[in-house]
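Inside the fold
Listed below are the residues making up each chain.
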Amino acid sequence: METANDSFQIVGQCPAPERTARLPKKWFQGKPLISIMILAAIILGCLCAELIMTKDPTYMDLQNYNQAPNREFLFGTDTMGRDIFSMLWYGGRISLTIGVLSTFISTFLAIVIGSFCGIAPQWLDSLLMRFTEIFLSIPSLLLIILFQAVLGKANVFSLSVVIGLTSWTSIAKVVRTEVRQIRNNEYVIASRCMGGNFFHILWKHLTPNFLPSIMFMVVMNIRSAIISESTLSFMGIGLPLEIISWGSMLSLAEKALLTSSWWIILIPGIFLITTLLCMTNIGNYLRRSGNQKESNL
């Protein structure tokens, strides 16, 4: 016999979906582990270049110039008889040094200028931002060439300073936006009332809050600095040939093409492109992580 409850049916009723227990996400999922390992291997090889070099990278063996890769010269020799395998690890140290040093300079300038704009009065903030936008509208490569021409002959330190002075604007705009959002928080106001100066508030209260937002830009700035150094050396206005870097090695491209010495261009180019791709992947991961944290707030 049917009961009263059996004779009625709720329209649109559907069975509840079965919920499956989510497995905990492993620590390596979503992280660019391959890029991190390759980049770490390249950096470690450059730092320990003396342990893996087979020849003196600065020695010009004129009896073995333009040698193709063989047992004695693993990656061949260039037009001056220098061993390319040894030059790659030795020169990578110079390129990475320029990238890190110039990024340190640009990040320091960006944090100071961006934070000052963020807490400055409206008229001063507008004035500094207009200057930043004008500076940002000029191609950075032209500014680098101009500043380097003023300083004279390029070296590792001068090139790092020039690249650092021309690559701070993008980070500064992000820092300024972040500071304007947190400048009225209670801990910042309390620090001001207790007599904290600008740099105390900057390093103790502001920087820890916006640093995760600019980390991916810092990594990308290292990549951009290496590209700028390589471009200038390829154009013949960067580091001189006696200072070995990935850029100065690629500056021999014209002579290599005339002599069909493909290894002089291809092998340093592969090292440079691999390093840049790894940095790009790591930078994109940091950007995605920062966006995900902001969306969860």
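Residues numbered from 1 in each chain as written. Predicted model: local features only at pLDDT ≥ 70, side-chain atom pairs only at ≥ 80, totals over all residues. Heavy atoms only, no water.

With respect to the nonpolar core
Counting 29 residues, the largest nonpolar core has Leu 88, Ile 226, Trp 246, Met 249 and Met 279 as its most contacted members. Put simply, the parts of the chain that give this core at least two residues each are α1 (33-47), α3 (84-119), α9 (198-235), α10 (246-250) and α12 (262-296). At nine residues, the largest contribution of residues to this core is made by α12. Excluding residues within four positions of it along the chain, Met 249 makes contact with Ile 84, Met 87, Leu 88, Ile 244, Ile 264 and Pro 268. Core analysis: the second largest hydrophobic core is formed by 19 residues, Val 112, Ala 172, Phe 210 and Met 217 among them. (Core = buried A, V, L, I, M, F, W, Y, C linked by side-chain atoms within 4.5 Å. Buried < 20%, exposed > 50% of the residue type's maximum accessible area, 1.4 Å probe, protein only. Helix = DSSP H or I, 4+ residues; strand = E, 2+ residues; numbered from the N terminus. Contact = heavy atoms within 4.5 Å.)

Section: α1
Taking 1.5 Å per residue, 15 residues should reach 21 Å; α1 reaches 21 Å between its end C-alpha atoms and fits that length. Those residues of α1 that fall on the buried side of the exposure criterion are Ser 35, Leu 39, Ile 42, Gly 45 and Cys 46. Around the axis of α1, the buried residues are gathered within 125° of arc, so they sit on the same side. Opposite the packed face of α1, turned more than 90 degrees from it, sit the exposed residues Met 37, Leu 44 and Leu 47. (Expected span 1.5 Å × (residues − 1). Arc of directions from axis to C-beta.)

Notes on the side chain of Ser 261
Relative to the assigned elements, Ser 261 resides in the loop between α11 (253-258) and α12. Classification of Ser 261 by relative accessible area gives buried; the value is 2%. Not counting residues up to four positions away in its chain, the partners in contact with Ser 261 are Asn 66 and Ala 256.

Structural notes on the packing of α3 against α9
Running from N to C, α3 and α9 cross one another at 140°; their axes reach a closest spacing of 7 Å. Of the possible angle classes, the one that applies to α3 and α9 is oblique. Crossing angle aside, the handedness with which α3 passes α9 is right-handed. Of the residues contributing to the contact of α3 with α9, the split by class is 19 nonpolar, nine polar and one charged. (Axes fitted to C-alpha atoms, helices over the stretch in contact; angles between N-to-C directions. Parallel < 35°, antiparallel > 145°, perpendicular 65-115°, else oblique. Left-handed = near helix turned anticlockwise from the far one by under 90°. Nonpolar A, V, L, I, M, F, W, Y, C, P; charged D, E, K, R; others polar.)

So, empty space enclosed by the protein
All chains considered together, the criterion is met by one cavity of 30 Å³ or more. Lining the largest cavity are Asp 78, Ile 84, Met 87, Met 249, Leu 252, Ile 264 and Pro 268. Put simply, the parts of the chain that give the lining of the largest cavity at least two residues each are α3 and α12. Classifying every residue of the lining of the largest cavity gives six nonpolar, no polar and one charged. (1 Å grid on protein atoms, 1.4 Å probe; cavity = no way out; pocket = protein on both sides within 12 Å on 5 of 7 lines; lining within 4 Å. Points joined across faces, edges and corners; volume = space filled by probe spheres on them.)

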